[in-house]
Amino acid sequence: MEGGGDDDGGRSRAEAIMRELERLRAEREELDGRIRLLESQLRLGAAPLPPSAAAEVEPTGSPSSSSSAAADMISRYRRHLLLPQFGLEGQRKLSQSSILVVGAGGLGSPVAMYLAACGVGCLGIVDGDRVELDNLHRQIIHIEAYVGQPKVKSTAASCRAYDIVVDATNNLPSRYMISDCCVLMNKPLISGSAVGLEGQLTVYHHNGSPCYRCLYPNPPSSPTSQSCSDNGILGILPGVIGCLQALEAIKVATAVGKPLCGRMLHFDALSSHTRIVKISRSSPTCKVCGENPVFTKEDFVNFDYESFTQSPMSKNSTTRSLNLLPENARVSCRDYKKVLDSGRPHLLVDVRPSHHFQIASMAHSINVPLSLLEEKLPLLRDSAREVSSRRDGRQHCPVYVICRRGNDSQVAVQILRENGFLYASDVAGGFESWAKEVDPSFLLY
Amino acid sequence: MHLTLEFGGGLELLLEKSTKVHKVDLQPNDGDGKVVMKGLLAWVKSNLIKERPEMFLKGDSVRPGVLVLINDCDWELCGGLDAELEEKDVVVFISTLHGG
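All figures in this text were calculated on a predicted structure; none of them were measured in a lab.

### Details of helix H8 (residues 172-184) of chain A
All names here are of chain A. Between its terminal C-alpha atoms H8 stretches 19 Å, which fits the 18 Å expected from 13 residues at 1.5 Å a residue. With twelve of its 13 residues buried, H8 lies for the most part within the structure. Three or more residues of H8 are buried, namely Leu172, Pro173, Ser174, Arg175, Tyr176, Met177, Ile178, Ser179, Asp180, Cys181, Cys182 and Val183. Looking at the residues trailing H8, positive phi occurs at asparagine 186, about 55 degrees.

Encoded structure:
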């Protein structure tokens with residue numbers, strides 16, 4: 001019994017020590033975050049102190065310096081102060097708020113610019129793709145740089161130090177990660193997105209509104225890849241959505257107006273049609289924010305968001321390239337160049353969409369978009385027959401297939417080979433490789 | 001029953017000529033003349049979707065990431081698959097966007 005007692009005592013002491021270690025680690029992370037904030041302020045010179053730091057570093061300002069600061073604020077923001085719905089109280093709340101913008105691209109840039117200009121007290125920016133942000137207001141923007149740290153951990157550390165988070169990222173795994181993080185830390189999340197000619201905007205996890213996982217417990221698959229480099233984007237569109245995100249952040253920070261909680265804005269640029277739709281309230285069964293959440297902070301740190309969504313977080317990730325064809329069905333750009341130089345009659349089929357073909361194309365190629373390939377097979381047979389007749393009566397015609405990056409062209413070659421074009425070959429790497437390896441002057445887009 | 005169907009967020013690419021707005025006239029299948037969302041989805045799949053139906057439907061419902069709105073209200077709040085439609089309702093299908 002005595003020995004058993006010792007073992008029990010030992011176990012409970014070990015557990016107490018583990019709990020103390022966890023508490024200390026969490027406290028250390030919090031302090032590290034504040035250190036980084038203060039250090040970035042020192043680097044940036046005249047930045048105002050964040051509210052938490054200001055509380056501890058009591059300024060021994062003389063009455064004249066206090067009144068001078070007040071006069072400066074009145075002068076700078078007087079057009080805000082003149083608004084009865086906003087006024088001095090609204091501006092005061094805004095100056096006491098701290099807002100983190102995640103992503104500093106097309107969406108995040110206007111968000112940060114307007115939040116800074118409107119007088120947010122403490123503004124942070126996280127951008128995984130860039131460590132330096134030279135093109136933004138330096139005086140009042142605190143840069144969070146987590147070189148080498150895992151993105152999940154750095155996001156959590158950043159979000160902890162702010163009251164409100166703005167999601168201005170451009171990919172699916174980041175959106176899940178940021179939403180989960182905001183739920184676990186109980187922060188409102190201003191989420192905007194834009195691709196092609198449409199944009200969306202909502203406020204998650206605030207006043208009973210759902211989180212991202214409430215709406216999408218399973219990751220969406222999408223008719224298009226939704227990256228702006230693949231689908232294009234009207235340049236002004238993230239500006240529109242970004243400005244509206246800044247507006248929502250201000251509403252949440254000041255409690256003025258009605259934020260888009262439980263409502264989603266959908267903007268169609270070409271028609272200027274703005275639709276605001278009711279969305280479900282927070283789902284009681286949501287595994288992150290529901291009545292019995294099963295997703296813990298530990299789950300969050302260990303969760304593989306890229307695997308869950310089957311898509312990369314960063315455009316720097318290698319674009320996944322398909323590998324559908326046997327070796328003898330693919331030809332490198334250099335080898336295709338030899339075919340061209342030799343003057344051998346052949347057919348070059350460009351399977352990009354027609355609006356891509358109009359941007360830049362190879363001489364003598366035929367444009368048959370992949371989506372139309374099966375119905376255009378008779379046309380291709382006619383073209384192949386015509387080419388064959390220029391090959392001294394040889395029966396077969398070599399067919400080369402090219403696209404932008406060498407993925408659609410493989411799909412096309414599979415279809416062609418199944419339909420009698422036994423000598424169809426894919427030009428590996430498409431125009432991207434062609435421009436790199438053969439013709440640097442080819443217009444890449 | 002006359003309905004207006006709209007597709008956005010890239011879903012229109014699955015339709016003929018990427019047309020976003022469709023005014024349709026559905027004949028109710030069942031005896032009591034009702035049209036519910038489950039039937040509408042099957043009708044859309046048969047009559048409007050021209051390519052990659054799996055990008056629109058998964059089983060009997062829409063695939064994850066598609067918001068369905070009935071008169072600008074989330075269909076989850078109207079009964080989901082069992083939501084009953086009325087003359088001149090507007091049903092919108094929007095894919096969530098995550099680009100930026």
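### Looking at the interface of chain B and chain A
Size of an interface: often given as the accessible area lost when the parts come together. Tallying the contact residues gives 29 residues for chain B and 34 residues for chain A. Of the roughly 2600 Å² buried between chain B and chain A, counting both surfaces, carbon and sulfur atoms make up 55%. As a salt-bridge pair, A:Asp268 and B:Lys20 come within 2.8 Å of each other at their nearest N and O atoms. Those elements that place two or more of their residues in the side of chain B that touches chain A are strand S1 (2-8), strand S6 (66-70), strand S7 (73-74) and strand S9 (90-95) of chain B. At three residues, S9(B) tops the list of elements feeding residues into the side of chain B that touches chain A. Considering only residue class, the side of chain B that touches chain A consists of twelve nonpolar, nine polar and eight charged.

### Describing the nonpolar core
If you look at the biggest cluster of nonpolar residues, it comprises 37 residues, and the most contacted ones within it are A:Val165, A:Tyr204, A:Tyr216, A:Met264, A:Phe300 and A:Tyr305. Secondary-structure elements contributing two or more residues to this core are strand S1 (98-102), strand S2 (122-126), helix H7 (151-160), H8 and helix H9 (212-215) of chain A together with S6 and S9 of chain B. It is H8(A) that provides the largest number of residues to this core, a total of seven residues. Dropping the residues within four chain positions of it, A:Val165 is found in contact with A:Leu100, A:Val102, A:Cys159, A:Ile178, A:Cys182, A:Lys187, A:Pro188, A:Leu189 and A:Ile190. Core analysis: the next-biggest nonpolar cluster, separate from the first, contains 33 residues, A:Ala104, A:Leu115, A:Ile125 and A:Leu265 among them.

### Let's talk about the pattern of salt bridges
All names here are of chain A. Going through the model one piece at a time under the given rule, you end up with 14 salt bridges over all chains. Two residues, lysine 251 and glutamate 248, come together in a salt bridge whose shortest N-O distance is 2.8 Å. Here glutamate 248 and lysine 251 lie together in helix H11 (residues 237-254), a separation of three residues that amounts to about one turn. Residue lysine 251 is classed as buried on the basis of its relative accessible area, which comes to 18%. You can call glutamate 248 buried: its relative accessible area is 4%. Across the salt bridge formed by lysine 338 and aspartate 335, the nearest N and O atoms sit 3.4 Å from each other.

Thresholds, definitions, all that
- Residues numbered from 1 in each chain as written.
- Chains lettered and ligands numbered in written order.
- Predicted model: local features only at pLDDT ≥ 70, side-chain atom pairs only at ≥ 80, totals over all residues.
- Heavy atoms only, no water.
- Helix = DSSP H or I, 4+ residues; strand = E, 2+ residues; numbered from the N terminus.
- Expected span 1.5 Å × (residues − 1).
- Buried < 20%, exposed > 50% of the residue type's maximum accessible area, 1.4 Å probe, protein only.
- Contact = heavy atoms within 4.5 Å.
- Buried area = accessible area lost by both parts, 1.4 Å probe.
- Salt bridge = Lys/Arg side-chain N within 4 Å of Asp/Glu carboxyl O.
- Nonpolar A, V, L, I, M, F, W, Y, C, P; charged D, E, K, R; others polar.
- Core = buried A, V, L, I, M, F, W, Y, C linked by side-chain atoms within 4.5 Å.

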